[in-house]
Structures are given as structure tokens and as C-alpha cells.
Amino acid sequence: MIPVASDVRVWLAGGVTDMRCGMNSLALKVQQGLGRDPHAGDLYVFRGRSGTLLKCLWHDGVGMSLYVKRLERGRFIWPAPSGGCVAISGPQFAYLLHGIDWRNPQHTARPALAG
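In this text, all values refer to a predicted model and were calculated from it rather than measured experimentally.

Right, let's talk about the overall build of the chain for a bit. Broken down by element type, the chain carries two helices and five strands. The order of α-helices and β-strands along the chain, N terminus first, is β-α-β-β-β-β-α. Sorting the 115 residues of the chain into buried and exposed places 36% on the buried side. Pairs at least 24 apart in sequence give 57% of the contacts found in the chain among residues at least 6 apart. For the chain, the accessible area works out to roughly 7,200 Å², and carbon and sulfur atoms hold 50% of it.

This is the structure:
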């Protein structure tokens, strides 16, 4: 799990992003494409075309961090490609990282046996 404070705002960048981009390229996309300050302490999440890879860009006040998450099965649920960004809460971000639909979280797998 990414160690993010509870007061950090999480933004999903609409559309798809080239996953070859590194930290500096993604920070430039935040600044020029989204019109936001990448050093303000918010967490920005980008998704690749296949939907199985995420990159998270976060400046914690000390330095910039880049986190990558790949799902082995399924795809990340993403908003419609509007070109802007969508704000989500911390718990919604946790659902997103686990591959659960963050818009309507439901547990889909139920244990068959108790022991």
C-alpha cells in the first residue's frame, strides 16, 4: 500500500497516458495538461491504455515519488476520457488499487469454507 496521509487529495487523470513517461514527464503533464501544481502535495494517478497499469505521482513536501501498480487479473476502473481530472477520496483510492470498482464498491469474492 502506498503510504499516503489521509488529508492528501487524489486526482485521476482522465483518458490514457503513455506508460513510458517518467517522473518529470508526468509532472509536466500535471502542470501543463491539467493546469495544477505537481508540488502542492496532491497525488495524481495515470492509467495506461491496457488498463492494467497505474502510475501515481506524489510530492510529499520533501521530494517527488513515483509509484507503479500492475494488476495480474482484471482492469482498473477509470472515468470516461474527458481530458481533465476527477477527484476521489482516500478510501476510493484504496479500492482502486485493489482493482475494485471505486464508484460502487462491492465485495465480489466470498469465502466458500470457514476453515
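We now examine helix α1 (residues 23-33). Along α1, the residues classified as buried are L26, A27 and V30. Around the axis of α1, the buried residues are gathered within 105° of arc, so they sit on the same side. The exposed set on the far side of α1, more than 90 degrees from its buried face, consists of N24, Q32 and G33. Buried positions along α1 lie against β2 (43-47), β3 (53-59) and β4 (64-70).

Applying the stated criterion to the full structure yields zero aromatic pairs. Positioned over the ring face of W11 is R36, at 3.8 Å from the centre of the ring.

Should the charged atoms of two oppositely charged side chains come close, the side chains can pair. Across all of its chains, the model carries three salt bridges by this definition. Of the charged contacts, one joins R20 and D18 as a salt bridge, the two residues approaching to 2.9 Å between their closest N and O atoms. A residue is classified by how much of its surface remains accessible, and R20, at 74% relative accessible area, is exposed. Between E72 and R70 there is a salt bridge whose closest N-O contact spans 3.0 Å. Both residues of the pair, E72 and R70, count as exposed.

About the criteria used
- Residues numbered from 1 in each chain as written.
- Predicted model: local features only at pLDDT ≥ 70, side-chain atom pairs only at ≥ 80, totals over all residues.
- Heavy atoms only, no water.
- Helix = DSSP H or I, 4+ residues; strand = E, 2+ residues; numbered from the N terminus.
- Buried < 20%, exposed > 50% of the residue type's maximum accessible area, 1.4 Å probe, protein only.
- Contact = heavy atoms within 4.5 Å.
- Areas by Shrake-Rupley, 256 points an atom, 1.4 Å probe, with all protein chains shown as cover.
- Arc of directions from axis to C-beta.
- Phe/Tyr/Trp six-rings, centres within 6.5 Å; stacked < 30°, edge-to-face > 60°.
- Lys NZ or Arg CZ within 6 Å of the ring centre and 35° of its normal.
- Salt bridge = Lys/Arg side-chain N within 4 Å of Asp/Glu carboxyl O.

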